[in-house]
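Architecture at a glance
Given next are the chains, with one letter for each unit.
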Amino acid sequence: MNKLGVNIDHVATVRQARRTDEPDPVWAAAEAELGGADGITFHLREDRRHINDRDAELLKQVVGVKLNMEMSVNPGIVKIALRLRPDQSTLVPERREELTTEGGLDVVRLRKKIAPVVRKLKGAGIVTSAFIEPAKDQIRASAECGFDAVELWTGAYAHAKRDIALAAALERLARGVDVGRECGLDVHAGHGLTYRNIEPIAALGIFSEFNIGHSIVARAAFVGLREAVREMKRLLDRALLLSRPAGQPG
Ligand code: PXP
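For the structure given in this document, a descriptive report is provided here. Just so you know, these numbers come straight off a predicted model, no measurement behind them.

Procedures and definitions
- Residues numbered from 1 in each chain as written.
- Predicted model: local features only at pLDDT ≥ 70, side-chain atom pairs only at ≥ 80, totals over all residues.
- Heavy atoms only, no water.
- Salt bridge = Lys/Arg side-chain N within 4 Å of Asp/Glu carboxyl O.
- Helix = DSSP H or I, 4+ residues; strand = E, 2+ residues; numbered from the N terminus.
- Buried < 20%, exposed > 50% of the residue type's maximum accessible area, 1.4 Å probe, protein only.
- Axes fitted to C-alpha atoms, helices over the stretch in contact; angles between N-to-C directions.
- Parallel < 35°, antiparallel > 145°, perpendicular 65-115°, else oblique.
- Left-handed = near helix turned anticlockwise from the far one by under 90°.
- Contact = heavy atoms within 4.5 Å.
- Core = buried A, V, L, I, M, F, W, Y, C linked by side-chain atoms within 4.5 Å.
- Near = heavy atom within 4 Å.
- Polar contact = N/O pair within 3.5 Å; in protein donor to acceptor, adjacent residues only side chain to side chain.
- Areas by Shrake-Rupley, 256 points an atom, 1.4 Å probe, with all protein chains shown as cover.
- Nonpolar A, V, L, I, M, F, W, Y, C, P; charged D, E, K, R; others polar.
- Arc of directions from axis to C-beta.
- Pairing = 2+ DSSP bridges.

Quick look at the pattern of salt bridges now. Within the structure shown, the criterion is met by 19 salt bridges. Glu 57 is the salt-bridge partner of Arg 83, the closest N and O atoms lying 2.7 Å from each other. Of this pair, Arg 83 sits in helix α4 (residues 75-84) while Glu 57 sits in helix α3 (residues 53-62), and the two are 26 residues apart along the sequence. The exposed category is assigned to Arg 83, whose relative accessible area is 53%. When its relative accessible area of 30% is taken as the criterion, Glu 57 is described as partly exposed. Residues joined in a network through salt bridges with shared partners are Arg 15, Asp 24, Arg 54 and Asp 55.

Given below as structure tokens:
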């Protein structure tokens, strides 16, 4: 429960701002591991705007914890994933004009395109996850496509301005977890999670993994990435501890 996958794309974004070789996202992965990350996540986008092929190759060689590759169903990218064999592939929607992945993959509409990709990835021994909205039909369609896991989009929770919207978003996510579990899926969460908003969602103790990028890399500018990861891990662990009834073992 409450494992932390650290998304290092933003480190590569800073590098690309100057088209130079620093900061190196591969070094970032090592620092994140030393800070206690349970996984490293990267997104090899079709336009290679941040992580590039060299990074992906090196990450596969050096990362010692779970390596999660976010990717579209583009045939060229699928080919790279099949050769690279990350521990996990998370299928995400990808639009060139977006700043970052916005919203979930429409598995209901695209299932004919997605299911064969899932089969190929699983055939290569890669665990498959779908980044989707916490909607019943999307979760069920993901199970029908053969995914091992879903990562529920936490954007509505992260962007909620009022308590009532926050509670509704949490409730929707919790219902999503129930549906996912009924379908035999492992359930992860991600998008827009920060040091300020992580505790209520982490205290639910229902997500096996959180994928967090922007907030951790932003904090790293002040305290270093190793410490930034440590701080987030501490919040995740503390949320679980505080939410557990006294006397119940961890
Ligand atoms: N999960 C997925 C599938 C994503 O695409 C992203 C953004 O790259 C994240 C999690 C992390 O989101 P954030 O950078 O807002 O923490």
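Moving on: the packing of helix α2 (residues 25-34) against α3. Between α2 and α3, the least distance of the axes is 9 Å, while the angle of their chain directions is 30°. Comparing the axis directions of α2 and α3 gives the class roughly parallel. Between α2 and α3 the crossing geometry is right-handed. Touching Pro 25, Val 26, Ala 29 and Glu 33 of α2 are Arg 54, Asp 55, Leu 58, Leu 59 and Val 62, all from α3.

All right, on to the nonpolar core then. Grouped together as the largest cluster of nonpolar side chains are 71 residues, with contacts concentrated most on Phe 42, Ile 198, Phe 207, Phe 210 and Ile 216. Looking at this core element by element, the count peaks at seven residues for helix α11 (residues 225-243). Ile 216 has contacts with Leu 4, Val 6, Tyr 195, Leu 225, Ala 228, Val 229 and Met 232, leaving out every residue within four places of it along the chain.

In this section: the site of the ligand. Around the ligand there are 13 residues in total, and Glu 70, Glu 151, Gly 192, Gly 213 and His 214 lie nearest to it. Between the ligand and Glu 70 there is a distance of 3.0 Å, counted from an oxygen atom to a side-chain nitrogen or oxygen. The contact in question runs from an oxygen atom of the ligand to an N or O atom on the backbone of Gly 192, over 2.8 Å. Protein contact buries 94% of the 400 Å² of open area that the ligand shows by itself. Taken together, the residues of the shell around the ligand break down into three nonpolar, eight polar and two charged.

What follows covers helix α1 (residues 9-18). Along α1, the positions that sit buried rather than exposed are Asp 9, Val 11, Ala 12, Arg 15 and Gln 16. Within α1, the buried residues cover an arc of 155° as seen down the axis, which keeps them to one side. Facing away from the buried surface of α1 by more than 90 degrees, the exposed residues are Ala 17 and Arg 18. Buried residues in α1 make contact with β1 (3-7), α2, β2 (39-43), α3 and α10 (214-223). With its phi angle positive at about 50°, Arg 19 sits one or two positions after the end of α1.

With respect to the helices and strands, the residue Glu 151 is situated in strand β6 (residues 149-153). With relative accessibility at 4%, the residue Glu 151 sits in the buried group. With 17 residues separating them along the chain, Glu 151 and Pro 134 place their C-alpha atoms 8.7 Å apart. Leaving out residues up to four positions away in the same chain, Glu 151 has contacts with Thr 90, Ser 129, Ala 130, Phe 131, Ile 132, His 188, Ala 189, Gly 190 and Asn 211. Among the polar contacts made by the side chain of Glu 151, one reaches the side chain of Asn 211 at a distance of 3.1 Å.

So, on to the sheet that holds strand β4 (residues 88-91). With parallel pairing, eight strands are arranged side by side around a closed barrel as β1-β2-β3-β4-β5-β6-β7-β8. With direction set aside, neighbouring strand axes in the sheet form an average angle of 25°. In this sheet, β2 lies alongside β1 in parallel orientation, the contact comprising three bridges. Across the sheet, the residue bridging to Gly 5 is Gly 39, located in β2. Contacting β2, β3 (66-71) and β4, α4 crosses the sheet at an angle of about 170° to β3.

Bear in mind that shape data such as this cannot, by itself, settle questions of function.
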